[in-house]
Amino acid sequence: TPTTPTFFLRRRVRTFTVMSLSLQQLQGSLNTQIQTARALAQQLNDHDINRHTNNSNRLNVHDVIKHQLLDIRGEIEDLHNRQIELENNNTLLRHSVFKLNQEIEDLSPKLRAASASCMGIATKTTTTTTKAPSSHPSSDTTTTASTVNTAAFPVIPSIFEHHNWRFESLKSCMADSQQMQQISDALGIHSLPEMVFPSSHLKLSCPSLQISFEAVNGLRPCLGEPPAHKQVQVQYANEWKSKARQGNDVQTLHFAYDWTFTTDYKGDYACELENGMRVEKNVSDRFNMALLTDTSAPILWSCYSILFEDELSDNGMSQLFVRCRVMPRCLLVLLRFWLRVDNVIIRVNDTRIYHEFGSKFILRHYQERETKWQKLLEKYTATQMMQFTDPNQFADKIDVVSSVYDKIYIA
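Residues numbered from 1 in each chain as written. Predicted model: local features only at pLDDT ≥ 70, side-chain atom pairs only at ≥ 80, totals over all residues. Heavy atoms only, no water.

Asker: With reference to specific residues and values, describe the overall build of the protein.
Answerer: Looking only at helices and strands, the protein features 9 helices and 15 strands. Looking at the protein as a whole, 29% of its 411 residues qualify as buried. Restricting the contact set of the protein to residue pairs at least 6 apart, pairs at least 24 apart contribute 65%. Summed over all atoms, the accessible surface of the protein reaches about 27300 Å², with 53% contributed by carbon and sulfur. (Helix = DSSP H or I, 4+ residues; strand = E, 2+ residues; numbered from the N terminus. Buried < 20%, exposed > 50% of the residue type's maximum accessible area, 1.4 Å probe, protein only. Contact = heavy atoms within 4.5 Å. Areas by Shrake-Rupley, 256 points an atom, 1.4 Å probe, with all protein chains shown as cover.)

Following this line, the structure appears as structure tokens:
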């Protein structure tokens with residue numbers, strides 16, 4: 001009968017049979033179309049060969065094939081290089097994971113000991129009298145509550161040594177209100193950035209030179225009113241000025257510091273040489289880009305620390321950060337201050353320090369870049385302007401104001 005399972009099975013078999021035949025017909029049609037397309041492609045290829053042969057002003061067929069093969073070879077070499085790079089990175093990652101596991105095993109007993117010594121447990125007994133229900137005899141119940149005071153674990157810096165150089169990096173939490181007040185009093189700056197990381201730092205040293213980067217000294221250049229050509233106003237300033245001329249209650253504020261926190265801080269240097277630190281200004285030496293861009297050289301150590309950051313009362317962003325990477329033959333430090341005042345200006349101050357291990361000097365490159373927002377709108381679309389929130393994307397797209405290389409001798 002039509003309602004039995006056998007009926008449904010037979011109907012499904014018939015349906016699958018019809019579908020199979022339809023697929024075979026489609027496959028045959030596709031094969032026919034593919035053969036037709038191949039024949040057309042062969043005809044076009046023969047036509048192109050005849051056209052290249054007959055036209056003496058164009059490359060012959062062999063040159064065309066040669067260029068195509070060279071392009072394919074180049075793509076294969078790029079893929080091979082990418083494969084080698086991924087394998088090297090994978091090996092380095094496995095080595096780093098193994099090293100981190102060893103460090104965790106070594107630190108575990110120390111952390112437990114520090115936890116036992118730093119953690120104070122104060123037990124406070126609180127007596128609470130609870131009235132029993134009327135259906136039970138009257139009773140008093142005493143409960144004991146304990147209050148636990150835990151001390152925060154100290155932040156351990158990352159330390160690395162290579163070729164008589166010592167590198168130390170610490171990424172710590174931002175300052176609390178008490179620390180902010182202490183920094184404000186020490187610097188004489190009434191208003192500090194919203195986020196200051198006073199304990200975060202990068203220090204690198206060799207037997208004759210110590211270089212350090214920290215937030216408090218990075219804010220010192222902000223003290224005092226900036227020169228006229230570096231003063232910046234928010235996008236609403238002209239509107240406020242027009243209201244002020246109309247007699248409205250609008251006042252012009254004068255700050256004893258740069259409210260954008262623009263800094264030309266290049267780091268702190270301490271030299272152990274007898275004659276002090278010797279610096280040659282504006283030299284012609286440049287970084288060895290072949291070493292810096294060598295993808296086969298592993299990165300032995302790296303760090304990244306934000307020193308301070310402020311959103312300028314929702315009018316943009318101001319930030320100072322430092323990063324470093326150490327490779328087998330050289331080191332590179334980038335100290336970058338970048339500023340974005342929305343619809344007004346973009347500014348980047350970069351300090352790069354480069355050293356080839358074994359040489360007697362380091363190179364310091366200081367560069368200032370700045371571009372007005374209106375000029376950027378003339379060159380980039382609104383979609384491209386969305387990238388101007390990341391300094392890694394826009395730093396090379398704005399105009400260079402000044403650039404100088406200095407040579408600092410370490411021996």
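Past the structure itself, the notes keep going.
Asker: Please give an account of the pattern of salt bridges that cites residues and values.
Answerer: Overall, the coordinates contain 12 salt bridges when judged by the stated rule. Glu368 is paired through a salt bridge with Lys230; the nearest N and O atoms lie 3.4 Å apart. With a gap of 138 residues between them, Glu368 in strand S14 (residues 361–372) and Lys230 in the loop between helix H4 (215–219) and helix H5 (237–245) connect regions that are remote in the sequence. Owing to a relative accessible area of 12%, Glu368 belongs among the buried residues under this scheme. Put simply, Arg278 and Glu280 hold a salt bridge, and the shortest N to O gap is 4.0 Å. Bridged by salt links that share partners, the residues Glu161, Arg166 and Glu168 form one connected network. (Salt bridge = Lys/Arg side-chain N within 4 Å of Asp/Glu carboxyl O.)

Asker: Can you break down the packing of aromatic side chains residue by residue, with the values?
Answerer: Taken as a whole and assessed by the stated rule, the structure comprises 10 aromatic pairs. Summarising the aromatic geometry, the rings of Tyr257 and Phe261 are spaced 6.1 Å apart at their centres and angled 25° between planes, so their arrangement reads as stacked. Across this residue pair, the class does not change: Tyr257 and Phe261 are buried. Geometrically, the ring pair formed by Tyr304 and Phe321 is tilted, given 5.3 Å between the ring centres and 50° between the ring planes. Remark: Phe321 occurs in strand S11 (residues 316–326) and Tyr304 occurs in strand S10 (residues 301–310); sequence separation between them is 17 residues. A relative accessible area of 31% places Tyr304 in the partly exposed class. Residue Phe321 is classed as buried on the basis of its relative accessible area, which comes to 2%. We note Lys266 situated over the ring of Tyr366; from NZ or CZ to the ring centre the distance is 4.2 Å. (Phe/Tyr/Trp six-rings, centres within 6.5 Å; stacked < 30°, edge-to-face > 60°. Lys NZ or Arg CZ within 6 Å of the ring centre and 35° of its normal.)

Asker: Give me the side chain of Arg364: which residues, what numbers.
Answerer: Of note, Arg364 is situated in strand S14. Taking the relative accessible area as the measure of exposure, Arg364 reaches 9% and is therefore buried. Among all residues touching Arg364, those that are not within four sequence positions of it are Lys266, Tyr269, Lys281, Thr351, Arg352, Ile353, Val404, Tyr405, Asp406 and Ile408.

Asker: Please provide a residue-by-residue account of the pairing of strand S4 (residues 165–170), values included.
Answerer: Along S4, 5 of the 6 residues are buried, which leaves the element largely enclosed by surrounding structure. By the bridge criterion, 5 bridges tie strand S3 (residues 158–162) to S4 in an arrangement that is antiparallel. By the bridge assignment for S4, Ser158 is matched with Ser169. Between the end of S3 and the start of S4, which pair antiparallel, lie 2 residues, with His163 showing a positive phi angle near 50°. Where S4 lies against strand S6 (residues 201–206), 5 bridges are found, and the strand directions are antiparallel. Within the sheet, the bridge partner assigned to Phe167 lies in S6 and is Leu204. (Pairing = 2+ DSSP bridges.)

Asker: Run through unusual backbone geometry, naming residues and quoting values.
Answerer: Keep in mind that most residues, glycine aside, have a negative phi and that most peptide bonds are trans. Despite not being glycine, Asn282 has its phi angle at roughly 50°, a positive value. By secondary structure assignment, the location of Asn282 is in the loop between strand S9 (279–280) and helix H6 (289–292). In the Ramachandran plot, Asn343 falls in the positive-phi region, its phi being about 65° despite a non-glycine side chain. Along the chain, Asn343 turns up in the loop between strand S12 (330–341) and strand S13 (345–356). Assessed through its relative accessible area of 45%, Asn343 is described here as partly exposed.

Asker: Any details on the nonpolar core? Residues and values, ideally.
Answerer: Core analysis: the largest hydrophobic core is formed by 46 residues, its most contacted members being Trp165, Phe167, Leu202, Leu204, Phe213 and Val333. Apart from the residues within four sequence positions on either side, Leu202 is in contact with Glu168, Ser169, Ile211, Ser212, Phe213, Trp301, Cys303, Val322, Cys324 and Val333. The next biggest cluster of nonpolar side chains, apart from the first, holds 12 residues, and it includes Phe321, Val348, Leu376 and Phe394. (Core = buried A, V, L, I, M, F, W, Y, C linked by side-chain atoms within 4.5 Å.)

Asker: Can you explain the sheet that holds strand S7 (residues 209–214)? Please cite residues and give values.
Answerer: The strand order S3-S4-S6-S7-S8 describes an open sheet built from 5 strands, whose pairing is antiparallel. Each of the sheet's edge strands pairs with one partner strand only, and the pair in question is S3 and strand S8 (268–271). Averaged over all pairs of adjacent strands, the angle between strand axes in this sheet comes to 10°, irrespective of strand direction. (Axes fitted to C-alpha atoms, helices over the stretch in contact; angles between N-to-C directions.)

Asker: Before we move on, can you summarise helix H3 (residues 177–187) with the specific residues and values?
Answerer: Turning to H3, its buried residues number three or more, namely Met180, Ile183, Ser184 and Leu187. Along the axis of H3, the buried residues cluster in a sector spanning 100°; they form a single face. Every exposed residue of H3 that faces more than 90 degrees away from the buried side is listed here: Gln178, Asp185 and Ala186. Here the buried face of H3 lies against strand S5 (195–196) and H4. Where H3 begins, the capping side chain belongs to Asp176, and its oxygen is found 3.3 Å from the backbone nitrogen of Gln178. Two residues or fewer after H3 comes Gly188, characterised by a positive phi angle close to 80°. (Arc of directions from axis to C-beta. Polar contact = N/O pair within 3.5 Å; in protein donor to acceptor, adjacent residues only side chain to side chain.)

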